[in-house]
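Take a look at the letters that make up each chain.
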Amino acid sequence: MKLKGKVAIVTGAASGIGQATARRFVSEGAKVVGYDVDDAGLAALKQEQPSVHTRTGDVADSRSAKQVAEEVFAEFGRLDILVNSAGITARTVDSNADLETRWDAVMQVNAKGTLIMSEAAVAAMRESGGGSIVNLSSVMGLVGYPTALPFSDGFNPYPHSKGAVAQITRDMGVRLAKEGIRVNAVCPGFVYTALTENVTGNEEVHKTMKSLHPLGRMGKAEEVAAVIAFLASDDASFVVGATWTVDGGYTAQ
Ligand SMILES: NC(=O)c1ccc[n+]([C@@H]2O[C@H](COP(=O)([O-])OP(=O)(O)OC[C@H]3O[C@@H](n4cnc5c(N)ncnc54)[C@H](O)[C@@H]3O)[C@@H](O)[C@H]2O)c1
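Everything numeric in this text was worked out from a predicted model, so none of it was measured. (Residues numbered from 1 in each chain as written. Predicted model: local features only at pLDDT ≥ 70, side-chain atom pairs only at ≥ 80, totals over all residues. Heavy atoms only, no water.)

### Concerning the environment of Glu 119
Line of reasoning, step 1. Here Glu 119 is to be found in helix 4 (residues 99-128).
Line of reasoning, step 2. Judged by its relative accessible area of 36%, Glu 119 is partly exposed.
Line of reasoning, step 3. Between the alpha carbons of Glu 119 and Leu 195 there is a distance of 26 Å; along the sequence they are 76 residues apart.
Line of reasoning, step 4. Discounting chain neighbours no more than four positions away, the residues touching Glu 119 are Met 172 and Arg 175. (Helix = DSSP H or I, 4+ residues; strand = E, 2+ residues; numbered from the N terminus. Buried < 20%, exposed > 50% of the residue type's maximum accessible area, 1.4 Å probe, protein only. Contact = heavy atoms within 4.5 Å.)

Following this line, the structure appears as C-alpha cells:
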C-alpha cells in the first residue's frame, strides 16, 4: 500500500490511463477524486469503485479547477497527489478544422489544462505540507512524430502540446522542489485506450504502431498506472522534474 492515507485528484479518470490510475490508487490505499468532463464515464467508474469520489469539470476552466482543489481540501483536510491525465488528440477535433483551430483545441486541454489544474492543486498542497504531481506527457513530447504513421490527417499539434507538458514538468519541478512538492511526468508510448482505438481498429496501422516499440507491442493502461503510482508515492522522494518513459523502448532506439 504505497499510497495509504494519501488524497489524490486524478483528471481524465473516466477513461483509459486516468481510469487505470484511479483503480491502482484505490488498491494502494489512496482516497481518490476522479475529475473529468465525461459524466457517464465517471458514473461507471463510481459503480465499479464505490470509494472513488467524482467531480465533473473541465481541466482548462480555472474556476472549476480551483473549486475542485478547494473542495477536496475542505472535505479531506489535505491534498497530496494530482495526476493530470485528461487529454485529447487532434483526431478529437473536426478533421476539416484549420491549423489554428486544431492548435487551440489541443493546447487548451493538454497544455493549459495541465498548468491550470497544477496551479490549483499547488495551493492546497502547500497547506498540506507538500505533494506530488504526475503529468501525462508522451514519447511525442520527447521526439519528433514519425512521418511514416498513416493516421495523421492534417496538422497535428499533439506532439507540441506534450512537449509543453514536459517543460511545464521541469519548470514546476524546479520551482516547487524546495516546498516539498515534486512534479514529474510519464511519457508513454502507444497505449490501448479510447484515445487510440480508432487507429488500432485498422490492422495495417495497428501493426505499424506495435512495430515502433522494441517490445513489439503497445502498452496497457495498467502498465502506465503502475509507474504513475510509483512517481506519486514517497518511493520516488528524490525524483523531481523527470520525464519518465513508459514506452517499451520507443525512445531508446
Ligand atoms: N493512449 C496513448 O497511447 C497515450 C500515449 C501517451 C500519452 N497519453 C496521454 O495520456 C493521457 C490519458 O490518455 P488516454 O489514452 O487514457 O485517453 P482517454 O481518451 O482514454 O482518456 C482521456 C480522458 O480525458 C477526459 N478529458 C478530455 N478533455 C477533458 C477536459 N477538458 N477536462 C476534463 N477531462 C477531459 C476524457 O473525457 C477522457 O475520460 C492523455 O493526456 C494522453 O495524451 C496517451
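### Comments concerning the packing of aromatic side chains
To describe a pair of aromatic rings, one takes the distance between the centres and the angle between the planes.
Line of reasoning, step 1. All chains considered together, the criterion is met by two aromatic pairs.
Line of reasoning, step 2. Aromatic side chains Phe 190 and Tyr 250 sit 6.3 Å apart centroid to centroid with 65° between the ring planes, which places their arrangement in the edge-to-face category. Of the two residues, Phe 190 is situated in the loop between strand 6 (181-188) and strand 7 (191-192) and Tyr 250 in the segment after strand 9 (243-246); the sequence distance between them amounts to 60 residues.
Line of reasoning, step 3. Here Phe 190 falls in the buried class, since its relative accessible area comes to 10%.
Line of reasoning, step 4. Considering the side-chain rings of Phe 230 and Trp 244, the 5.4 Å spacing of their centres and the 65° angle between planes classify their relative orientation as edge-to-face. One end of the pair, Phe 230, is in helix 8 (residues 221-232); the other, Trp 244, is in strand 9, and 14 residues separate them in sequence.
Line of reasoning, step 5. According to the relative accessible area criterion, Trp 244 is partly exposed, its value standing at 33%. (Phe/Tyr/Trp six-rings, centres within 6.5 Å; stacked < 30°, edge-to-face > 60°.)

### What about the site of the ligand?
Line of reasoning, step 1. If you check the shell around the ligand, you find 29 residues, and the closest are Ser 15, Ile 17, Asp 36, Tyr 158 and Thr 193.
Line of reasoning, step 2. Interatomic distance of 2.8 Å between a backbone N/O atom of Val 191 and an oxygen atom of the ligand.
Line of reasoning, step 3. Thr 193 is positioned such that a nitrogen or oxygen atom in its side chain is 2.5 Å from an oxygen atom of the ligand.
Line of reasoning, step 4. Taking a 2 Å distance to the grid points as the criterion, the majority of the atoms of the ligand fall inside the largest pocket.
Line of reasoning, step 5. Tallying contributions element by element places helix 6 (residues 194-200) first for the shell around the ligand, with three residues. (Near = heavy atom within 4 Å. Polar contact = N/O pair within 3.5 Å; in protein donor to acceptor, adjacent residues only side chain to side chain. 1 Å grid on protein atoms, 1.4 Å probe; cavity = no way out; pocket = protein on both sides within 12 Å on 5 of 7 lines; lining within 4 Å. Sits in = over half its atoms within 2 Å of the grid points.)

### Description of the pattern of salt bridges
Line of reasoning, step 1. Enumeration according to the criterion identifies 12 salt bridges in this entry.
Line of reasoning, step 2. With a closest N to O distance of 3.0 Å, Glu 75 and Arg 55 form a salt bridge. You can see Glu 75 sitting in helix 3 (residues 62-76) and its partner Arg 55 sitting in strand 3 (residues 53-56), a full 20 residues away along the chain.
Line of reasoning, step 3. In this structure, Arg 217 and Glu 223 form a salt bridge, with 2.7 Å as the shortest nitrogen-oxygen distance.
Line of reasoning, step 4. On the basis of relative accessibility, which here comes to 32%, the residue Arg 217 falls in the partly exposed class.
Line of reasoning, step 5. What makes Glu 223 partly exposed here is its relative accessible area of 29%.
Line of reasoning, step 6. Where salt bridges share partners, they join Arg 55, Glu 71 and Glu 75 into one cluster. (Salt bridge = Lys/Arg side-chain N within 4 Å of Asp/Glu carboxyl O.)

### Topic: the layout of surface pockets
Line of reasoning, step 1. A volume near 950 Å³ is recorded for the largest pocket.
Line of reasoning, step 2. Along the wall of the largest pocket there are 45 residues; nearest its centre are Ser 85, Gly 87, Ile 88, Thr 89 and Leu 195.
Line of reasoning, step 3. Of the residues forming the lining of the largest pocket, the biggest block, four residues, is contributed by helix 6.
Line of reasoning, step 4. Each pocket or cavity is described by its volume, and for the second largest pocket that value is around 160 Å³.
Line of reasoning, step 5. As for the second largest pocket, its lining consists of 14 residues, and the residues nearest its centre are Gly 219, Glu 223, Val 246, Asp 247 and Gly 248. (Points joined across faces, edges and corners; volume = space filled by probe spheres on them.)

### So, the environment of Val 191
Line of reasoning, step 1. With respect to the helices and strands, the residue Val 191 is situated in strand 7.
Line of reasoning, step 2. Counting along the chain gives 55 residues from Val 191 to Val 246, while the straight-line C-alpha distance between them is 9.7 Å.
Line of reasoning, step 3. Among residues more than four places away in sequence, those in contact with Val 191 are Ile 17, Thr 196, Met 218, Gly 219, Lys 220, Ala 221 and Val 224.

### Quick look at helix 2 (residues 39-48)
Line of reasoning, step 1. For helix 2, the set of buried residues is Gly 41, Leu 42 and Leu 45. For helix 2, the buried positions fall inside an angular range of 100° around the axis, keeping them on one side. Relative to its buried face, helix 2 has exposed residues pointing more than 90 degrees away, namely Ala 40 and Gln 47.
Line of reasoning, step 2. If you follow the buried residues of helix 2, they end up packed against helix 1 (16-27), strand 2 (31-36) and strand 3.
Line of reasoning, step 3. For helix 2, the capping residue at the N-terminal end is Asp 38, with a side-chain oxygen 3.2 Å from the backbone nitrogen of Ala 40. (Arc of directions from axis to C-beta.)

### What to know about the packing of helix 4 against helix 5 (residues 158-176)
Line of reasoning, step 1. Two elements in contact, helix 4 and helix 5, have axes separated by 8 Å at closest approach and are oriented at 20°. In terms of orientation, helix 4 and helix 5 fall into the roughly parallel class. Regarding helix 4 and helix 5, the two cross each other, and that crossing is right-handed. Facing helix 4, whose interface residues are Trp 103, Val 106, Met 107, Asn 110, Ala 111, Thr 114, Leu 115, Ser 118, Glu 119, Val 122 and Arg 126, helix 5 presents Tyr 158, His 160, Ser 161, Lys 162, Ala 164, Val 165, Ile 168, Met 172, Arg 175 and Leu 176.
Line of reasoning, step 2. Within the contact of helix 4 with helix 5, the residues separate by chemical class into 12 nonpolar, five polar and four charged. (Axes fitted to C-alpha atoms, helices over the stretch in contact; angles between N-to-C directions. Parallel < 35°, antiparallel > 145°, perpendicular 65-115°, else oblique. Left-handed = near helix turned anticlockwise from the far one by under 90°. Nonpolar A, V, L, I, M, F, W, Y, C, P; charged D, E, K, R; others polar.)

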